[in-house]
Amino acid sequence: MMKDAIKEAEILSQALPYIQKYSHKIIVVKYGGNAMKNEELKHNVMTDIVLLSEIGIKVVLVHGGGPSINAMLDKVGIKPKFINGLRYTDKETMDVVQMVLAGQTNKELVSILNGKGAKAVGVCGSDASLIVAKKYESEDDLGYVGQVDQINPSLIYDLLDQHYIPVIASVGCDSEGNAYNINADIAASSIAQELGAENMVLVSDVPGILKDPKDETSLYSNISSDQIDELIESDYISGGMIPKVNCIKTALAGGVKKSCIIDGRIPHSLLIEILSKQGIGTLFTRKETL
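The rules behind these values
Residues numbered from 1 in each chain as written. Predicted model: local features only at pLDDT ≥ 70, side-chain atom pairs only at ≥ 80, totals over all residues. Heavy atoms only, no water. UniProt positions renumbered as here; feature names shortened; annotations may be inferred. Core = buried A, V, L, I, M, F, W, Y, C linked by side-chain atoms within 4.5 Å. Buried < 20%, exposed > 50% of the residue type's maximum accessible area, 1.4 Å probe, protein only. Helix = DSSP H or I, 4+ residues; strand = E, 2+ residues; numbered from the N terminus. Contact = heavy atoms within 4.5 Å. Phe/Tyr/Trp six-rings, centres within 6.5 Å; stacked < 30°, edge-to-face > 60°. Polar contact = N/O pair within 3.5 Å; in protein donor to acceptor, adjacent residues only side chain to side chain. Pairing = 2+ DSSP bridges. Axes fitted to C-alpha atoms, helices over the stretch in contact; angles between N-to-C directions. Right-handed = clockwise from strand over helix to strand, strands pointing away.

Per an unreviewed UniProt entry, the protein chain is named Acetylglutamate kinase, and its organism is Breznakia pachnodae. In the Pathway (unreviewed entry) part of its UniProt record, the protein chain is described as follows: "Amino-acid biosynthesis; L-arginine biosynthesis; N(2)-acetyl-L-ornithine from L-glutamate: step 2/4." Taken verbatim from the UniProt record of the protein chain, the Sequence similarities (unreviewed entry) comment is "Belongs to the acetylglutamate kinase family. ArgB subfamily."

Asks: So what exactly am I meant to see when it comes to the nonpolar core here?
Replies: Note that soluble globular proteins tend to have their nonpolar side chains buried in a common cluster. Counting 37 residues, the largest nonpolar core has Val 28, Val 60, Ile 191, Met 200, Ile 209 and Phe 284 as the members making the most contacts within it. Within the residue set of this core, elements represented by two or more residues are strand 1 (26–31), strand 2 (58–63), strand 6 (131–135), helix 5 (154–161), helix 6 (184–195), strand 11 (199–204), helix 7 (228–233) and helix 8 (241–253). Not counting chain neighbours up to four residues away, the residues in contact with Val 28 comprise Val 60, Val 62, Ala 188, Ile 191, Ala 192, Leu 195, Ala 197, Asn 199, Met 200 and Val 201. Of all hydrophobic cores here, the second largest spans 33 residues; its members include Val 45, Val 50, Ile 165 and Ile 280.

Asks: Quick question: what am I supposed to make of the packing of aromatic side chains here?
Replies: How two aromatic rings sit relative to each other is given by the distance of their centres and the angle of their planes. Throughout the structure, instances matching the rule amount to two aromatic pairs. Between Tyr 220 and Tyr 236 the ring centres are 6.0 Å apart and the planes differ by 75°, which places this aromatic pair in the edge-to-face class. Note that Tyr 220 is positioned in the loop between strand 11 and strand 12 (222–224) and Tyr 236 in the loop between helix 7 and helix 8, a separation of 16 residues in sequence. Residue classification places Tyr 236 among the partly exposed residues on the basis of a relative accessible area of 38%.

Asks: Mind showing me how you'd approach the environment of His 63 here?
Replies: Relative to the helices and strands, His 63 is located in strand 2. Spatially, the C-alpha atom of His 63 lies 21 Å from that of Lys 81, the residues being 18 residues apart in sequence. The contact partners of His 63, leaving out residues within four places of it in the chain, are Tyr 31, Leu 101, Thr 105, Asn 106, Leu 109, Val 167, Ile 168, Ala 169, Ser 170 and Ala 184. A polar side-chain atom of His 63 sits 3.1 Å from a polar atom in the side chain of Asn 106.

Asks: Sorry, what's going on with the sheet that holds strand 5 (residues 120–124) here?
Replies: Sheet strands pair by backbone hydrogen bonding; their relative direction is either parallel or antiparallel. Within the open sheet, the eight strands sit side by side as 5-8-2-1-11-13-14-12. Their pairing is mixed. The sheet terminates laterally at strand 5 and strand 12, the two strands that pair on one side only. Taking the axes of each pair of neighbouring strands and ignoring which way they run, one obtains an average angle of 20° across the sheet. The sheet contact formed by strand 5 and strand 8 (residues 165–169) spans five bridges and is parallel. Across the sheet, the residue bridging to Ala 120 is Ile 165, located in strand 8.

Asks: Explain the pairing of strand 1 here, please?
Replies: Both faces of the sheet carry side chains from a regular strand, because those side chains alternate between them. Where burial is concerned, most of strand 1 is hidden: six out of the six residues are buried. Both strand 1 and strand 2 contribute to a ladder of six bridges, which runs parallel. Directly across from Ile 26, in strand 2, lies its bridge partner Lys 58. In the classification by handedness, the crossover that spans strand 1, the intervening helix 2 (residues 39–54) and the parallel strand 2 is right-handed. As paired strands, strand 1 and strand 11 are joined by five bridges and run parallel to one another. What sits directly across from Tyr 31, in strand 11, is Val 203.

Asks: Explain the environment of Ser 224 here, please?
Replies: Looking at the secondary structure, you find Ser 224 in strand 12. Accessibility expressed as a relative area gives 4% for Ser 224, which makes it buried. Spatially, the C-alpha atom of Ser 224 lies 26 Å from that of Gly 64, the residues being 160 residues apart in sequence.

Asks: I would appreciate a short explanation of the side chain of Ser 276 in the present structure.
Replies: Here Ser 276 shows up in the loop between helix 9 (269–275) and strand 14 (282–285). A relative accessible area of 19% means that Ser 276 is categorised as buried. At 2.3 Å, the side chain of Ser 276 forms a polar contact with the backbone oxygen of Ile 272. Discounting residues that sit within four places of it in the chain, Ser 276 has contacts with Tyr 18 and Leu 271.

This is the structure in structure tokens:
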């Protein structure tokens, strides 16, 4: 028993430098997609966020919820439509997106966090004009798919100053009151830049960037921003990982100190990344910080 207690104390003491490093700093955690499917792991991620908040780290949670949107569309008889990997969002689909993200998913995450002793508040991009959006510019008409035009962070700062955890659904709104579906990675990147975040963590369902997609041990543990284009051209970064990594590249260029992709399937991966020397997943940094 005493040996176990000593081991636990050693683990806590090893986390001290990282607690001091991140104390009173902002980290943006993007959580969504398939990483949200497993209820036990979802609770693990939320527990990690509560712990980080309790030790003085200012956590901003940005979430998507594609699988939940698809499930609700199926229930109401709307068939999802994708154009070049992007969800076509007509008015009926947008109503469902808003209902699921800003309602069901957002409030579920808030309830879990508050149930673990946190002070979490759920908002979406249209609250206090947090995410001002405009129609996504594309060769194909994607309907109510939006891109970020402006981030107004005062609501986030107000919540953080009062020791709340902002939980932000990736729905934006334009000046005419039209709601838009915003990719959660893009929303998180834009918010992290505006806040000057110390770290932007993308919780995914993959280990990170792999040299060999069939070998999860072939992980790139560190990538500098100037390597990203080369890795894309060499197909080490491919498919759906390309827009995710481009969001990271934009965030780093916009002032975010570092970013990482971690595997949300691993219990407490967020704590391992933030509070340990070895970290987990793939860490992205600006060239001068490596």
